[in-house]
Amino acid sequence: MKVIVKNNHKEVSKEAADIFEMEIRNNPKTILGLATGSTPIGMYKELIKRHNEEGLDFSSVTTFNLDEYLGLDPNNPNSYRYFMNQELFNHINIPIENTHVPLGEEDKAEISCKVYDSMIQEMGGIKLQVLGIGSNGHIAFNEPGERLSANTSIVDLTNETIQDNARFFDSIDEVPKKAISMGMGSILKAEKIVLIASGENKAPAIAKLLNEPYISTYLPVSFLLAHKDVTIICDEDAYSLVK
Ligand code: GLP
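Residues numbered from 1 in each chain as written. Predicted model: local features only at pLDDT ≥ 70, side-chain atom pairs only at ≥ 80, totals over all residues. Heavy atoms only, no water.

*Asks:* What should I look at first to understand the packing of aromatic side chains in this one?
*Replies:* In this description, an aromatic ring pair is defined by two values, namely the gap between the centres and the angle between the planes. One pass over the full model with this rule turns up six aromatic pairs. When the ring of Y69 is compared with that of Y80, the centres are 4.8 Å apart and the planes differ by 45 degrees; the resulting orientation is tilted. Here Y69 is found in strand β4 (residues 67-69), whereas its partner Y80 is found in helix α3 (residues 80-87), with eleven residues between them in sequence. Judged by its relative accessible area of 1%, Y69 is buried. For Y80, a relative accessible area of 10% puts it in the buried group. Note on Y80 and F83: the rings are 6.5 Å apart at their centroids and 65 degrees apart in plane angle, and the pair reads as edge-to-face. Taken as a pair, Y80 and F83 lie in helix α3 at a separation of three residues, close to a single helical turn. One aromatic cluster is present, formed by Y69, Y80, F83, F141 and F169 through successive ring pairs. (Phe/Tyr/Trp six-rings, centres within 6.5 Å; stacked < 30°, edge-to-face > 60°. Helix = DSSP H or I, 4+ residues; strand = E, 2+ residues; numbered from the N terminus. Buried < 20%, exposed > 50% of the residue type's maximum accessible area, 1.4 Å probe, protein only.)

See the structure below:
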C-alpha cells in the first residue's frame, strides 16, 4: 500500500487526477470505477479542466459507479446518478451510455444488483477505481458490521452514515435508509485502487487503517490491505492521527 500525504484537498485532487489522466491517456478504452461524496468533486473538477484545456479525451472511456441510494430515481437531485451527471459526465465528452450507476428505483434495484458485477466483468473489469472513505471506515456503502457483502447488493445504512450524509438533504428524515452498493469483493477485483481522504473527520478511520494492519469487517476499508495495488492519497488533516 502506497501512502501519499498532501497539504490540502486541492493537492489531493490534483494527485488523484494525475493518476486518472495517465490511465486514460495510456488506455483510451479504459474502464474506470467512480465514487460520489464531496471528496472526489475536486478530482472531477481537475479532470474537466484537463478535458477543456488539454483535450483529455473520454470518448471511449467506460465508467461504473460504486453505489446509489435505494428509492431515488435518476432525476432526484440527491441521487448519485444526478450527482455524477452534474459533477462530471455533463462536462466531458463521455457518451452517457458508457456510464453506469446502479439503478436505485425500487422496481429496478434488485435486478440491477444481480447484473451489475457480471456487466463489469463482461466488459473486462475495472482498471482503476477511485474510493472515498466514510468517517466510520466504510467503502462505497459497505458499512462496518458482522458481515460484508461480497457482491453488489442492497444494504442498510448506519445511523452514522445517515447523519454524515444528511448535509446533502433538506432534512435528515429525507436520507434513504438503504442503498445499493458494490460489495467488497466487487471492489477488490479492480486492478488498481486509489483512495482519497481529506479533512480531520477522516483521521480516525485513516489512523485505524494505517497504524495497525489488521483486516476486520468492522473496518471495511481494511480489506484494501489485501489488495496488491492501492494508493492512498490523504491531506494532512486526514493523516493527522497516523503514528
Ligand atoms: C458516501 C459514499 C461513499 C463516500 C462517502 C464519503 O457514503 N457512499 O462512497 O466515500 O460518502 O463522502 P465524503 O467524501 O463526502 O466525505
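*Asks:* Help me out: how do you make sense of the site of the ligand in this one?
*Replies:* Around the ligand sit 14 residues, and of these S38, T39, D67, R167 and K202 come closest. Take H138: an N or O atom from its side chain is 2.9 Å from an oxygen atom of the ligand. Here an oxygen atom of the ligand and a side-chain polar atom of N165 are 3.3 Å apart. Because more than half of its atoms lie within 2 Å of the grid, the ligand is assigned to the largest pocket. Here the residues of the shell around the ligand sort into four nonpolar, seven polar and three charged. (Near = heavy atom within 4 Å. Polar contact = N/O pair within 3.5 Å; in protein donor to acceptor, adjacent residues only side chain to side chain. 1 Å grid on protein atoms, 1.4 Å probe; cavity = no way out; pocket = protein on both sides within 12 Å on 5 of 7 lines; lining within 4 Å. Sits in = over half its atoms within 2 Å of the grid points. Nonpolar A, V, L, I, M, F, W, Y, C, P; charged D, E, K, R; others polar.)

*Asks:* Would you mind going over unusual backbone geometry with me for this structure?
*Replies:* One non-glycine residue, A140, adopts positive backbone phi at about 55 degrees. Structurally, the position occupied by A140 is in the loop between β6 (128-131) and β7 (153-156). By relative accessible area, A140 is classed as buried at 10%.

*Asks:* Help me out: how do you make sense of the packing of helix α1 (residues 9-26) against helix α2 (residues 41-54) in this one?
*Replies:* Packed helix pairs are characterised by how far apart their axes lie and by the angle those axes make with each other. Between α1 and α2, whose axes approach to 8 Å, the crossing angle comes to 55 degrees. Here α2 runs oblique to α1, going by the angle between their axes. The interaxial crossing formed by α1 with α2 has right-handed handedness. Along the contact surface, α1 presents H9, S13, K14, A16, A17, D18, F20, E21 and R25, while α2 presents G42, M43, E46, L47, R50 and E54. Of the residues contributing to the contact of α1 with α2, the split by class is five nonpolar, three polar and seven charged. (Axes fitted to C-alpha atoms, helices over the stretch in contact; angles between N-to-C directions. Parallel < 35°, antiparallel > 145°, perpendicular 65-115°, else oblique. Left-handed = near helix turned anticlockwise from the far one by under 90°. Contact = heavy atoms within 4.5 Å.)

*Asks:* Explanation requested: the environment of M22 in the structure shown.
*Replies:* With respect to the helices, strands and loops of the structure, M22 is situated in helix α1. Along the primary structure M22 and D170 are separated by 148 residues, whereas in three dimensions their C-alpha atoms are 38 Å apart.

*Asks:* Would you take a moment to explain the pairing of strand β2 (residues 31-34) for this structure?
*Replies:* The two faces of the sheet receive side chains in turn, since in a regular strand these alternate between them. Across the two faces of β2 the burial is the same, with I31 and G33 and L32 and L34 all buried. As paired strands, β2 and strand β3 (residues 62-65) are joined by four bridges and run parallel to one another. In the strand pairing of β3, L32 is matched with T63. The β-α-β motif built from β2, the intervening α2 and the parallel element β3 has right-handed crossover chirality. Note that β2 and β6 share two bridges and pair parallel. Across the sheet, G33 pairs through a bridge with Q129, a residue of β6. (Pairing = 2+ DSSP bridges. Right-handed = clockwise from strand over helix to strand, strands pointing away.)

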